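So the chains spell out like this:
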Amino acid sequence: TPGFTAYYLEGPEVTDLPARLYEGTLQLMWLPKLNERWRLILMATPGVYGDFEQTDDRAWRLTGFGLAAFDWKPGRVKLVMGVVYLDRDDFNILPAAGAIWTPSENVEVEAVMPRPRAGWRWRYGTGFEDWLYVAGEIGGGTWQIERQDMTSDRLTIRDFRIILGAERRGNGGAGQRLEVGYVFGRDIEFRTDPQ
C-alpha cells in the first residue's frame, strides 16, 4: 500500500523547525497462516522521511513489525506478541503484546500495546464494512531536515495521541480512513544541538 503524509508545523518560535514534514512510504504486508490457530503478521514499510529540502540519504528509513497471533478462542480471542521496529532516534524497537477480543461481528477490541484500539461496525454491504473507532498511540517520528544554516540534521518528535476514526474496509483488506485526534506530551529533539 503506498502512502503519503504531510505534517504542517507551527511553533515553537525558539527553534528552526521546518514548516512541513513529509513521509512517502510503501507498506508491504504478509500474513502467513502457520496452522489452524497460529498466524504471523509481518510488515515492512520502506520510506522517505524529511522536509524534502535536502537530498541526504539518511531520509530513507525502514519501519515494520513482526507479530505472532494465537487464536486462543477461535473467532473470539486472539493473543498477540512480537516486536515493532520504528527506526527512530528516540527508540528503535518496542515490544508488542496483548489480546484482540471480538465479542460480536460488530465489536472489536484490540488491547495490544503500543496501539490499543476499540471499534464498532455500524454499517456493511456487499464488499465493504464501515467502522468507527477510538485508539491510542505513541506518535511522532524521525525526519531528515535542513536547518536554517543549511546543515542537514535529524528531527525527532515524540508525543501521545488519542484518536477517533472512521474506516471503510473493503474485500481483500484495502480501504480508506479518516482520523481526528488530540496530541499531548509532545517532545522535540534534534540530533545536533542548535548553536
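In this report, the structure presented in the accompanying data block is examined. All of these numbers come straight from a predicted model, not from anything done at the bench. In this numbering scheme, every chain counts its residues from 1 along its sequence in written order. This being a predicted model, a pLDDT of at least 70 is required before a residue's local features are given, and a value of 80 or more before pairs of side-chain atoms are given or counted; all residues contribute to the totals for chains, interfaces and linings. Note that water and hydrogens are dropped before the side-chain values are worked out from all heavy atoms of the structure.

**Quick notes on the pattern of salt bridges**
Here the idea is simple: oppositely charged side chains can pair when their charged atoms come close.
Part 1 of the argument: Salt bridge, as used here, is a side-chain nitrogen of Lys or Arg placed within 4 Å of a carboxyl oxygen of Asp or Glu. Applying the stated criterion across every chain, the model contains 20 salt bridges.
Part 2 of the argument: For D90, the salt bridge is made with R88, and the minimal N-O distance between the two is 2.8 Å.
Part 3 of the argument: Residues E179 and R115 are paired through a salt bridge, measuring 3.3 Å at the closest nitrogen-oxygen approach. Of the two residues, E179 sits in strand β12 (residues 175-190) while R115 sits in the loop between β8 (107-113) and β9 (117-125), which places them 64 residues apart along the sequence.
Part 4 of the argument: For E179, a relative accessible area of 33% corresponds to the partly exposed category.
Part 5 of the argument: Three exposure classes are used, based on accessible area relative to the maximum for each residue type with a 1.4 Å probe and protein chains only: buried under 20%, partly exposed in between, and exposed over 50%. Looking at R115, the relative accessible area reads 28%, which means it is partly exposed.
Part 6 of the argument: A single network of salt bridges, built from pairs that share partners, joins R115, E137, D159, R161, E179 and R186. Helix numbering and strand numbering both begin at the N terminus, where a helix is a DSSP run of H or I of at least 4 residues and a strand a DSSP run of E of at least 2.

**A look at the pairing of β8**
Part 1 of the argument: Pairing analysis gives six bridges linking strand β7 (residues 93-104) to β8, with the strands arranged antiparallel. Across the sheet, I100 pairs through a bridge with E110, a residue of β8.
Part 2 of the argument: At least two bridges found by DSSP between two strands are what make those strands a pair. From the end of β7 to the start of β8, which pair antiparallel, there are two residues.
Part 3 of the argument: Note: β8 against β9, four bridges, orientation antiparallel.

**Examining unusual backbone geometry**
Excluding glycine, residues mostly carry a negative phi; peptide bonds, for their part, are mostly trans.
Part 1 of the argument: Residue P114 is bonded to the preceding M113 through a cis peptide linkage, with omega at 20 degrees.
Part 2 of the argument: Mapped onto the elements of the fold, P114 is located in the loop between β8 and β9.
Part 3 of the argument: Backbone geometry at D87 places phi at a positive 50 degrees, although glycine is not the residue there.
Part 4 of the argument: Position of D87 among the secondary structure elements: in the loop between β6 (77-85) and β7.
Part 5 of the argument: Phi at M150 takes a positive value of approximately 75 degrees, unusual for a residue other than glycine.
Part 6 of the argument: On the secondary structure map, M150 appears in the loop between β10 (128-146) and β11 (152-170).
Part 7 of the argument: Owing to a relative accessible area of 60%, M150 belongs among the exposed residues under this scheme.

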